[in-house]
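Listed below, chain by chain, are the residues.
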Amino acid sequence: MLGLTHYLVVAALLFALGLFAVVTRRNSVTILMGVELMLNAANINLVAFNKYAAPAAMQGQVFALIVITLAACEAAVGLALVLAAYRTLETVYVDEINIMKW
Amino acid sequence: MTGEAIVFYLLAAVTLGSGVMVVTSSNIVHAAAALVPAFLGVTGLYILLNAEFVAGIQVLIYAGAITVLILFAIMLTEGGTGLGTRQRNEQAAVGTAVAAAMAALLIAVAVRTGWAPPPAGAVLPSYTPGAIGQSFLRQNILVFEGTSIVLLVSLMGAILIARRED
């Protein structure tokens, strides 16, 4: 019998994968890919809680749609920042972007 | 094992397998391409959860738009596979430990919490696009309008940031 826990475990593993990418990747574009994976994990949780905890309401799905919208905003602004940084600093590797480091 | 469970494990395997490829591949174009099956697996999970409208939006925005945007960003910056460059920083061991600890913590919480069973005899309402639209224009109108402003501002900001200064 498939339950809420199954979906939560998948979402937890996906979140951990995204976190791993954010912590260990050097390329800022792949860091943004990790953020997208983490947002997807959060969305799975929202939709699963909608079905199993409050099936009469629609808030989980509404929230998931809003998170998808904000993820699109985040990707657009994030990648624009990467392009701007690449234009001025000639690198996309986050450990080389350190001109404000003391 | 019911058919639903088989489909669930298949979709979870596709999602997590491609997710592993996204985070470990040293070829960043392969990593970006592996995002597509990961997002499509999540789409399948949404369909299993009776959220067909969210699934459609997921395909349109994630599998379509965001993946293409990421590929464009790769091409507009270094424009290569990144195979000749080190893609991982010195924190690989610490990062693995942190991610594993986070996964263990979340899974422990999910498994050990006694989730209330779904209300007995409750019939799932049909989450049609019409019903979701009604919900957006009634109880969630403030969130809806706020999101539209955020969308407008962020797209203008993205253009302004990425524009070449003359």
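Predicted model only: the values in this text are computed from it and were never measured.

*Asks:* Would you take a moment to explain the overall build of chain A for this structure?
*Replies:* Looking only at helices and strands, chain A has 3 helices and 0 strands in total. The helix and strand sequence of chain A, counted from the amino end, reads α-α-α. Overall, the C-alpha framework of chain A stretches about 50 × 25 × 20 Å when taken along its three principal axes. Residues counted as buried form 59% of the 102 residues belonging to chain A. Approximately 3900 Å² of chain A is accessible, and the part contributed by carbon and sulfur atoms is 73%. Of the charged side chains in chain A, 5 are positive and 5 negative; the average position of the first set lies 6 Å away from that of the second.

*Asks:* Help me understand the interface of chain B and chain A, please; the structure alone is not making it clear to me.
*Replies:* A common way to state how big an interface is: give the accessible area lost once the parts meet. Facing 81 residues of chain B, the contacting portion of chain A comprises 67 residues. Between chain B and chain A, roughly 6900 Å² of surface is buried when both sides are summed, and carbon and sulfur atoms account for 76% of that area. The tally of links from chain B across to chain A stands at 0 salt bridges. Linking chain B with chain A are 18 residue pairs in polar contact (both at pLDDT 80 or more), by the criterion used here. Contributions of two or more residues to the side of chain B that touches chain A are made by helix H1 (3-24), helix H2 (28-48), helix H3 (52-76), helix H4 (92-112), helix H5 (129-137) and helix H6 (141-162) of chain B. Partitioning the side of chain B that touches chain A into residue classes produces 56 nonpolar, 18 polar and 7 charged.

*Asks:* Help me understand the pattern of salt bridges in this model?
*Replies:* By the definition in use, this model includes 3 salt bridges over all chains. The closest approach of N and O atoms between Asp95 of chain A and Arg26 of chain A, which form a salt bridge, is 2.9 Å. With Asp95 of chain A in the segment after helix H3 (59-89) and Arg26 of chain A in the loop between helix H1 (4-24) and helix H2 (28-52), this pair connects stretches of sequence that are 69 residues apart. For Asp95 of chain A, a relative accessible area of 32% translates into the label partly exposed. Of the residues examined, Arg26 of chain A reaches a relative accessible area of 4% and is grouped as buried. The residue Glu90 of chain B makes a salt bridge to Arg86 of chain B at a minimum N-O spacing of 3.5 Å. Accessibility expressed as a relative area gives 63% for Glu90 of chain B, which makes it exposed. For Arg86 of chain B, a relative accessible area of 44% translates into the label partly exposed.

*Asks:* I tried to follow the domain arrangement of chain B on my own but got confused; where do I start?
*Replies:* Segmentation of chain B into domains returns domain 1 (1-81) and domain 2 (129-166). Here the C-alpha centroids of domain 1 of chain B and domain 2 of chain B sit 23 Å apart.

*Asks:* Explain a nonpolar patch on the surface here, please?
*Replies:* Residues and elements named next belong to chain B. Taken together, Leu137, Ile141, Leu142 and Phe144 make up a surface patch of nonpolar side chains, about 400 Å² in accessible area. With 3 residues, the top contributor of residues to the nonpolar patch is H6. In this structure, Phe144 sits in helix H6. In this structure Phe144 comes out as partly exposed when scored by relative accessible area, which is 34%.

*Asks:* Explain the environment of Phe15 of chain A here, please?
*Replies:* Mapping Phe15 of chain A onto the fold places it in helix H1. A sequence separation of 19 residues divides Phe15 of chain A from Gly34 of chain A, and the C-alpha atoms of the two residues are 8.6 Å apart. If sequence neighbours within four positions are ignored, Phe15 of chain A has contacts with Met38 and Ala41 of chain A together with Met102 and Leu106 of chain B.

About the cut-offs
Residues numbered from 1 in each chain as written. Chains lettered and ligands numbered in written order. Predicted model: local features only at pLDDT ≥ 70, side-chain atom pairs only at ≥ 80, totals over all residues. Heavy atoms only, no water. Helix = DSSP H or I, 4+ residues; strand = E, 2+ residues; numbered from the N terminus. Buried < 20%, exposed > 50% of the residue type's maximum accessible area, 1.4 Å probe, protein only. Areas by Shrake-Rupley, 256 points an atom, 1.4 Å probe, with all protein chains shown as cover. Lys, Arg positive; Asp, Glu negative; His and termini not counted. Charge placed at Lys NZ, Arg CZ, Asp CG, Glu CD. Contact = heavy atoms within 4.5 Å. Buried area = accessible area lost by both parts, 1.4 Å probe. Salt bridge = Lys/Arg side-chain N within 4 Å of Asp/Glu carboxyl O. Polar contact = N/O pair within 3.5 Å; in protein donor to acceptor, adjacent residues only side chain to side chain. Nonpolar A, V, L, I, M, F, W, Y, C, P; charged D, E, K, R; others polar. Domains from an automatic or database assignment. Patch = residues over 30% accessible without salt bridge, like charges linked within 9 Å, V, L, I, M, F, W, Y side chains within 5 Å.

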